[in-house]
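Descriptive analysis of the structure
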Amino acid sequence: MAADNARYIWHPMAAPAATEAALPTIITQGEGVFVQDIDGKRYLDCTAGLWCVNVGHRRPEIKQAIVDQLDQIAYYGTFSNLSNPPSIALSARLIKMLAPEKMARVMYGSGGSDANETAFKLARQYWKLSGKPEKTKIFSLKHGYHGLHFGGMSAGGNIMWRRAYEPMLPGFFQAEAPYLYRNPWTNDPERLVDLCIDDLEREILHQGADTVAAFVAEPVQGAGGLIVPPARYWPRLRELCDRHDILLIADEVVTGFGRTGSMFGARAWGVAPDIMNFAKGINSAYVPLGATVVNERVARAWDTDHPLATIMHGYTYSGHPLACAAALANLDIVEREDLPGNAARQGEYFLARLRELLDYKQVGEVRGKGLMLGIELVLDKATKAPLPPTHPASKKLYATLCAQGLLVRIAGNKIILSPPLTFEKEHVERCMNGLHAAFEAIAAD
Ligand SMILES: Cc1ncc(COP(=O)(O)O)c(C=O)c1O
């Protein structure tokens with residue numbers, strides 16, 4: 001079976017030649033925070049799949065919800081005036097959960113890239129309906145990740161995801177991210193916030209605020225480098241968007257539903273966005289699902305007989321009943337077990353323990369919020385030159401972690417840790433033992 005892999009599959013984020021050269025790890029089973037591969041080797045899942053299986057693997061409640069729905073009907077969509085009970089119930093629940101943000105309407109897709117696409121299209125349509133059709137540009141941050149459809153990729157702030165597919169869409173611009181560890185200006189977080197916001201504002205004014213539809217960012221930047229902004233950044237972003245009449249989109253695909261230690265990432269910063277994008281933790285990836293939620297202000301623009309008010313957007317799987325049924329059962333678990341609270345507690349402990357790794361010469365910085373944590377690897381602490389993922393030390397690190405039964409994600413020069421939100425102290429201990437052993441192994445070389 002492993003040999004068939006490269007014969008028939010092209011993997012995301014991998015060169016086909018590389019997957020031919022190395023047999024894959026084929027995961028066949030999961031239980032709680034553990035998974036098992038085809039050879040029976042057990043791993044502690046320190047990434048929750050792709051920061052998505054937040055409630056852990058093989059939860060019987062979610063299975064039951066999916067089976068119950070299958071007993072009714074597997075699929076009926078939501079185009080035009082069709083609907084299905086799970087999508088209605090989930091929408092009502094999301095709007096209730098998002099009452100502090102004054103959210104009003106939900107549109108579904110099959111994942112985070114879909115959710116971003118929907119947000120950008122609705123933002124442009126909003127301004128057309130509001131009599132400002134020139135407001136079309138989307139601003140975002142360097143190091144941001146918004147999925148890999150053309151819109152999300154064009155908003156994305158990391159060159160490596162773009163180069164093979166350029167040119168990007170016109171009308172997308174990236175501003176400086178508040179990346180404390182790597183910026184040419186300052187080590188002072190407060191000063192960095194002001195520099196980044198002032199720079200963004202100058203660019204908006206330069207282009208004309210009347211041409212800017214929306215600003216999108218992740219409350220904590222994930223795939224682009226695990227960058228936690230200083231606490232004042234998001235409130236200042238909100239003020240800036242208000243000042244220039246720009247919609248604020250929070251890409252909560254990773255941060256939504258508890259990962260950062262709050263139910264929502266923007267809520268942790270005390271900010272109510274205009275649009276929020278969800279996927280992953282919405283149903284812990286038991287069935288693909290994404291959602292874009294708009295607030296009352298945005299929704300009101302559709303109270304019109306404008307000829308462009310029809311939403312000419314959506315997907316076959318928008319509001320898929322199995323995915324929505326899984327989400328309802330998943331949210332029961334998230335709330336009943338207070339997973340945001342557990343993420344906050346375990347995350348704080350985990351981050352404190354990760355600081356022990358700063359004694360190793362390859363560890364430039366450790367950072368995180370809740371159970372969204374990163375270790376930035378360097379060749380040299382003084383110059384902060386990144387440790388390339390192809391470097392033998394990097395490869396050995398990953399191999400040693402795997403051999404010890406730890407699944408982590410290496411993204412560029414970062415080790416990303418994003419376990420299920422059900423992680424306990426004993427799992428943190430186990431992960432720390434593995435990390436120490438792996439860094440000691442490369443120190444010995
Ligand atoms: C912040 C963010 N937005 C969007 C996406 C894209 O989601 P998907 O891979 O489900 O399309 C991701 C995926 O990791 C993400 O981290």
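From a predicted model like this one, the values you see are computed outputs, not experimental measurements. (Residues numbered from 1 in each chain as written. Predicted model: local features only at pLDDT ≥ 70, side-chain atom pairs only at ≥ 80, totals over all residues. Heavy atoms only, no water.)

**Brief notes about the domain arrangement of the protein**
Formally: Domain limits in this description derive from either an automatic procedure or a database domain assignment. Between two residues, a contact is recorded if the distance between any of their heavy atoms is within 4.5 Å. A simple way to read buried area is as the amount of 1.4 Å-probe accessible surface that goes missing from two parts once joined, with both sides added. By definition here, a salt bridge exists when the distance from a side-chain nitrogen of Lys or Arg to a carboxyl oxygen of Asp or Glu is within 4 Å. Here the nonpolar group is Ala, Val, Leu, Ile, Met, Phe, Trp, Tyr, Cys and Pro; Asp, Glu, Lys and Arg are the charged ones; every other residue, Gly included, is treated as polar.
The domains assigned to the protein are domain 1 (2–55 + 338–443) and domain 2 (63–336). Here the C-alpha centre of domain 2 lies 26 Å away from the C-alpha centre of domain 1. The interface is formed by 36 residues belonging to domain 1 together with 37 residues belonging to domain 2. In total, domain 1 and domain 2 occlude about 2,800 Å² of area from one another, counting both sides; carbon and sulfur atoms represent 60% of this. Broken down residue by residue, the surface that domain 1 buries against domain 2 is led by Trp51, Lys369 and Met372, which jointly contribute 24%. Viewed at the interface, domain 2 and domain 1 are joined by 1 salt bridge. Between Arg182 and Glu376 there is a salt bridge, with its nearest N and O atoms 2.6 Å apart. The residue inventory of the side of domain 1 that touches domain 2, partitioned by class, reads 21 nonpolar, 7 polar and 8 charged.

**A short note on the pattern of salt bridges**
To keep it simple, the criterion reads: For every residue, the accessible area obtained with a 1.4 Å probe (protein chains only) is divided by the maximum for its type, and the residue is called buried under 20%, exposed over 50%, and partly exposed between those limits.
This model, assessed by the stated rule, comprises 27 salt bridges. Notably, a salt bridge pairs Arg367 with Glu376, separated by 2.7 Å at the nearest N-O pair. Residue Arg367 is classed as buried on the basis of its relative accessible area, which comes to 10%. Counted as one network, the salt bridges with shared partners bring together Lys132, Arg238, Asp242, Asp245, Asp274 and Arg297.

**Overview of the side chain of His244**
Basically, it comes down to this: Secondary structure counts use DSSP, requiring at least four H or I residues in a row for a helix and at least two E residues in a row for a strand, with both numbered from the N terminus. Identification of polar contacts relies on pairs of N or O atoms within 3.5 Å, with a donor-acceptor requirement for protein atoms, meaning one able to donate a hydrogen and the other able to accept it, and with residues adjacent in sequence counted only if both atoms are side-chain atoms.
Inspection of the secondary structure assignment puts His244 in the loop between α9 (233–243) and β8 (247–251). Looking at His244, its side chain comes within polar contact range of the side chain of Glu201, at 2.6 Å. For His244, the contacting residues outside a window of four places in its chain are Lys135, Glu201, Ile204, Leu205 and Ala209.

**Observations concerning unusual backbone geometry**
Note that the residue after Glu166, namely Pro167, is joined by a cis bond; omega there is 10 degrees. Positionally, Pro167 belongs in the loop between α7 (150–155) and β6 (172–175). Look at Asp245: it is not a glycine, yet its phi comes out positive at around 55 degrees. Looking at the secondary structure, you find Asp245 in the loop between α9 and β8.

**Concerning the site of the ligand**
Just so we agree on the cut-off: Here, proximity means that at least one heavy atom of the residue falls within 4 Å of the molecule or strand. The method behind every accessible area is Shrake-Rupley, applied with a 1.4 Å probe, and residues are considered shielded solely by the protein chains displayed.
In the vicinity of the ligand there are 13 residues, among which Gly112, Ser113, Asp251, Val254 and Lys280 approach most closely. The contact in question runs from an oxygen atom of the ligand to an N or O atom on the backbone of Gly112, over 2.8 Å. One nitrogen or oxygen atom from the main chain of Tyr145 is found 3.5 Å from a nitrogen atom belonging to the ligand. Relative to its free-state accessible area of 390 Å², the ligand is covered by the protein chains to the extent of 81%. No other element matches the 3 residues that helix α6 (residues 112–129) contributes to the shell around the ligand.

**Re the nonpolar core**
The test is simple: Only buried Ala, Val, Leu, Ile, Met, Phe, Trp, Tyr and Cys residues count toward a nonpolar core, and they belong to the same one when joined by side-chain atoms within 4.5 Å.
Ranked by size, the top nonpolar core spans 99 residues in total, and within it Phe215, Ile375, Leu417 and Phe439 carry the most contacts. Per element, the largest residue contribution to this core is 10 residues, and it comes from helix α12 (residues 321–336). Not counting residues within four places of it along the chain, the set of residues in contact with Phe215 comprises Phe139, Ser140, Leu141, Leu200, Tyr233, Leu237, Cys241, Ile246, Leu247, Leu248 and Ile249. Residues Ala119, Phe172, Ala214 and Ile249 belong to the second largest nonpolar core, which totals 24 residues.

**Notes on helix α13 (residues 339–354)**
To keep it simple, the criterion reads: How far a helix is expected to stretch is found by multiplying one less than its residue total by 1.5 Å.
With 16 residues, α13 extends 21 Å from end C-alpha to end C-alpha; this agrees with the ideal 22 Å at 1.5 Å per step. At its buried positions, α13 is contacted by α12, β11 (363–369), β12 (372–380), β16 (414–417) and α15 (425–443).

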